[in-house]
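Okay, here's what each chain looks like letter by letter:
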Amino acid sequence: MTAREAAVVEELLRLARERLLLDGSLPSPAEPLAGRLDSLQRLTLVVAVEDRFQIILTDDDAAGATTLEDVARLVAARTQLTAIDPAETP
Amino acid sequence: MSGRGTPLARLRGPPSPLPRHPTLVHALAGAAAHPSGVTFVDLAERETHHPWREVVARAARAAATYAAWGVCPGDRVAIVLRTEAAFLDAFFGAWWAGAVPVPLYPPVRLGRREEYIEGTARMIRCSGAALVVAGGGTRRLLGEAVAMARPPLGARDAAMLLDGTSGRPRPEAAPGDLGLVQFSSGSTVAPKPVALTHGALQAQVDALTVLVEPTASDVLVSWLPLYHDMGLIGGLLGAMSYPGPLVLIAPEHFLARPALWPRAVGRHRGTISPAPSFAYAYVADRVGDADLAGVDLSSWRLALDGAEPVSGEAMRRFSARLAPSRFDGRALRPVYGLSEAALAVTFAPIGGRLEGLRVDGVRLARDGLVVPGTREVASVGVPLPGFEVEVRGEDGALLHEDRLGRIWVRGPSLLREVLGDSEATSRALVEGWLDTGDLGFARGGELHVHGRAKDVVIIRGSNHAPEEFEAALTGIPGLRPGCAVAVGYQPAETGHETLLVLAEVVKGGRIDDQALAARATLAVRERTGVAPGEVRLLSPGTLPRTSSGKLRRREALRRQLAGTLSAPAPAGPLQLMAWAARSQLAGVLSRLRRERR
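What comes next is a walk through the structure.

Criteria and thresholds
Residues numbered from 1 in each chain as written. Chains lettered and ligands numbered in written order. Predicted model: local features only at pLDDT ≥ 70, side-chain atom pairs only at ≥ 80, totals over all residues. Helix = DSSP H or I, 4+ residues; strand = E, 2+ residues; numbered from the N terminus. Pairing = 2+ DSSP bridges. Axes fitted to C-alpha atoms, helices over the stretch in contact; angles between N-to-C directions. Contact = placed C-beta atoms within 7 Å. Buried ≥ 20, exposed ≤ 12 C-beta atoms within 10 Å, placed from the backbone. Parallel < 35°, antiparallel > 145°, perpendicular 65-115°, else oblique. Nonpolar A, V, L, I, M, F, W, Y, C, P; charged D, E, K, R; others polar. Expected span 1.5 Å × (residues − 1).

## Thoughts on the overall build of chain A
Counting its secondary structure elements, chain A contains four helices and zero strands. Ordering the α and β elements of chain A from the N terminus gives α-α-α-α.

Below you can see the structure in the form of structure tokens.
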């Protein structure tokens, strides 16, 4: 994982805490999300990610991503570094 | 409580209204003259408006494209699109081409790729779709499903539907023609393709129109998926046929930001908006005050609650949470229906009773008798115009009120058939009556639904096959292989349908082994995406079986609810008497203890 991807993972965990109301039991970056989140939570996470980073993950992309690392790679490939700074989120 | 003196559980709606149009295709043509239209709201509350005139003109162009692709009248077209304008092009375009739309659910994102591909391929095949229309972003994913199912005309990108410049004239649709193939909700039960005629669709929409009594000031707001009945027939087709304004939010956007829903109702002065119980609870729990600042919901006159077991608790919480935004709790009205009846079968009368009947859950489960108690069961009201409901016993005989039995339905919008499955069709339709597979009772002329005769588990509006949950438990050390059942039920405390897993431990295992229960919970969630509300471990041999050794899920749930699922040994009449005596004794002892305090 690159430093950028690691920064995205941090931001994804923050989204999971805030949007999915998960606390304590956050998935680790390489863990399959299907084991930790139910289908509604996974769908909600994708939309939250799109909203936060202002990107669109196609169904093809999203279906191939199974861990937070996978999602972070997709996001990092589509965004500018500056957009990943957590400080700028409202 | 039953028998003589109690009326029979036969409920009849008022007569069917006259059809407002020969078919909804005629209604679509008529909608073009109306100034209203469809508004899509996105996650950032940006809106895109399409007048009905434009929707119809695009449908005519899409129809020309379909014809150019080789689609003939009567062909089925599978549509895999989200809540977006392209869905309207693909759906109404298919009608305009004389074809039959088959909406399929788009992929659940993040994972379960293989299951999605297999399930979708199966649905394309068993609906007999000639063509698949999808969005560009699903091409790789659907490509595999299409390669497996091999529809004769292949797969096309929905964006190309508007490539043609000239439209086609309106086709000659007849009420007896097939109008829609819809699959039951959810992703995991092998869903059956339910074939509905144009006449059935028109009849359902007409019956809803009588109940809803729309006026020129009505605005329908919906975030429900367009790929099954409540969002499609109740939402899109209802608004189109009236016609009137429709405001659509994508379901995944609602889930990510539930405030979008009440805010859209407020902004558009929405009057009609349906949802399942879980969504009312979801909004009550997750929408903050800041999101509701300045939101006025006083226009919301019909908040229909259906598509899964109705929870009085969810309705009350929603009503209390949104009262400061001037939401009137009397707008909440439970409904009951199923995809095999196009959509709705019963409808709670106006009056806003948010309190259900309080019955004794144990007597209901054990004896099928309705006696007063603490368990809440909501009334889902009376049959729609043109519909009849009967509650029948296992032997098929009509029961009296206050007796739990199987719900049968007759009416003008029942399925024509389960496509390509005459056996399933003749199981579902018997002498013009539909066996809903749901259990319920009548009380005071109103239907109360309580559980299902079939084993399907409905979690948050999605149907699941119990076998799938049970299969997730195989190979867990400490559990007896193949000796577990998964059932859905509504615990009194939450009101949500919850997954309950009853699993036997191996010989010598402990039924209080918390770590084992946790492993079972994790395995089910990992495999199915649904977390069990409870995993209960049982001694070997506790689960009821048929004479051939098959597990009896319904019976297991009945015993669990009746508090009698604890007997490890095979039961003879003497033992049964002994248990009954013991449970009475336990009751006496606890009463004595209370009195002594």
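From this point, things continue past the structure.
## Concerning the sheet that holds strand β28 (residues 534-538) of chain B
Paired through their backbone hydrogen bonds, the strands of a sheet run either parallel or antiparallel. Residue and element names in this part refer to chain B. Pairing in this open sheet of three strands is mixed, and the strands run β26-β27-β28 from one edge to the other. Two strands lie at the open edges of the sheet, namely β26 (479-489) and β28, each paired on one side alone. Neighbouring strand axes in the sheet, compared pairwise and without regard to direction, differ in orientation by 20° on average. Alignment of β26 against strand β27 (residues 498-505), held across seven bridges, turns out to be antiparallel. Across the sheet, residue Tyr489 finds its bridge partner in β27, namely Thr498. Those strands touched by helix α16 (residues 514-528) are β26, β27 and β28, and its axis lies near 130° from that of β28. This element, helix α17 (residues 553-562), spans β26 and β27 of the sheet and lies at about 70° to β26.

## Brief notes about unusual backbone geometry
Excluding glycine, most residues fall at negative phi; most peptide bonds, likewise, are trans. All names here are of chain B. The omega torsion across Tyr242 and Pro243 is -10°, close enough to zero to call that bond cis. Inspection of the secondary structure assignment puts Pro243 in the loop between α7 (229-241) and β11 (246-249). If you check the backbone angles, Arg150 has positive phi at about 45° while not being a glycine. With respect to the secondary-structure elements, Arg150 resides in the loop between α5 (139-149) and β7 (155-157). Here Arg150 falls in the exposed class, since 10 other C-beta atoms lie within 10 Å of it.

## Some remarks on the packing of helix α1 (residues 24-31) of chain B against helix α2 (residues 52-69) of chain B
Residues and elements named next belong to chain B. It is at 8 Å that the axes of α1 and α2 come closest, and there the two elements cross at 125°. Judged by the inter-axis angle, α1 sits oblique to α2. Only Trp52, Val56 and Ala59 of α2 make contact with α1, whose side of the interface consists of Leu28, Ala29 and Ala31. Looking at side-chain class alone, the contact of α1 with α2 contains six nonpolar, no polar and no charged residues.

## Side note on the sheet that holds strand β9 (residues 193-197) of chain B
Residue and element names in this part refer to chain B. With antiparallel pairing, the three strands of this open sheet are ordered in space as β8-β9-β20. In the strand order of this sheet, the two ends are held by β8 (178-183) and β20 (417-418), each with one partner. In this structure, β9 lies alongside β20, joined through two bridges in antiparallel fashion. The residue bridging Val194 from the neighbouring strand is Val418, located in β20. Here helix α6 (residues 198-212) sits on the sheet in contact with β8 and β9, set at roughly 80° to β9.

## Thoughts on the environment of Val80 of chain B
All names here are of chain B. Mapped onto the elements of the fold, Val80 is located in strand β4 (residues 76-80). Spatially, the C-alpha atoms of Val80 and Gly306 are 24 Å apart, while their sequence positions differ by 226 residues. Non-local contacts of Val80, meaning those with residues more than four positions away in its chain, are made with Leu104, Pro106, Val132, Ala134, Thr138 and Leu142.

## Here's the deal with α2 of chain B
Residue and element names in this part refer to chain B. Here α2 is 18 residues long and its end C-alpha atoms lie 25 Å apart, about the 26 Å a rise of 1.5 Å per residue gives. Looking at the buried positions of α2, the neighbouring elements they touch are α1, β2 (37-41), β3 (47-51) and α3 (85-96). In the segment just after α2, Gly70 is the residue with positive phi, at about 105°.

## Some points on the pairing of strand β22 (residues 433-443) of chain B
Residue and element names in this part refer to chain B. As paired elements, strand β19 (residues 405-410) and β22 share four bridges and run antiparallel to each other. In the strand pairing of β22, Val409 is matched with Leu434. Bridge analysis of strand β21 (residues 429-430) against β22 gives two bridges, and the strand direction is antiparallel. Looking at the pairing, Leu429 lines up with Leu434 of β22. Where β21 folds back onto β22 in an antiparallel hairpin, the turn is made up of two residues, including Glu431, whose phi is positive at roughly 50°. Counted between consecutive antiparallel strands, the loop separating β22 from strand β23 (residues 446-452) contains two residues, among which Gly444 sits at a positive phi close to 60°.

Taken by themselves, the reported measurements are silent on function.
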